[in-house]
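Tertiary structure, described
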Amino acid sequence: MAVDFSNAVKTDEGVQVNGVVMQQIVEQCEGCERIKEFEGGKYCGSYPQPAVKWKLGSCNFATHTKSAPAKGKAKVNPLKASKRAAKGR
Ligand code: SF4
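Below is a summary of the structure that appears in this document. These numbers come from a predicted model, not from an experiment.

This part covers unusual backbone geometry. Although it is not a glycine, N18 adopts a positive phi angle of roughly 50°. Looking at the secondary structure, you find N18 in the loop between β2 (14-17) and β3 (20-21). Even without glycine at this site, E39 takes up a positive phi of about 50°. With respect to the helices, strands and loops of the structure, E39 is situated in the loop between β4 (35-38) and β5 (41-44).

Here it is in structure tokens:
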């Protein structure tokens, strides 16, 4: 259910798409490929309220986190991984 920003309008309440107020992305969204820029603001192309997506943990739509369908970008740091492994013993 991608947000179609061609329907976006600026209102007193903020940017709306099909009557839904779009809230700007949050810090954790930076780097996500779903970010759309509109009228100088950054919005999520998949979810109107990015802050809510991050409240309960990582956003499940994010393209830049480990749980996202990997593009091979998020590599595990070997040093950190071995430290973690050592701790677990
Ligand atoms: S998909 Fe998730 S992480 Fe990406 S911009 Fe939207 S809310 Fe942010």
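Another point: the pattern of salt bridges. On inspection of all chains with the given rule, the structure shows two salt bridges. The salt bridge partner of E39 is K10, with a shortest N-O separation of 3.9 Å. Of this pair, E39 sits in the loop between β4 and β5 while K10 sits in strand β1 (residues 8-11), and the two are 29 residues apart along the sequence. Judged on exposure class, the residue E39 and its partner K10 are both exposed. For the salt bridge of K42 with E30, the shortest nitrogen-to-oxygen distance reads 3.6 Å. Of the two residues, K42 is situated in strand β5 and E30 in the loop between β3 and β4; the sequence distance between them amounts to twelve residues.

Criteria and cut-off values
Each chain has its residues counted from 1, following the order in which its sequence is written. With pLDDT at 70 or above as the cut-off, local features in this predicted model cover only qualifying residues; side-chain atom pairs require 80 or more to be listed or tallied, and sums for whole chains, interfaces and linings still use all residues. Side-chain measures here rest on the full set of heavy atoms in the structure, leaving out hydrogens and waters. Secondary structure counts use DSSP, requiring at least four H or I residues in a row for a helix and at least two E residues in a row for a strand, with both numbered from the N terminus. The salt bridge definition used is simple: a Lys or Arg side-chain nitrogen within 4 Å of an Asp or Glu carboxyl oxygen. A 1.4 Å probe rolled over the protein chains alone gives each residue an accessible area, and that area as a share of the maximum for its type sets the label: buried under 20%, exposed over 50%, partly exposed in between.

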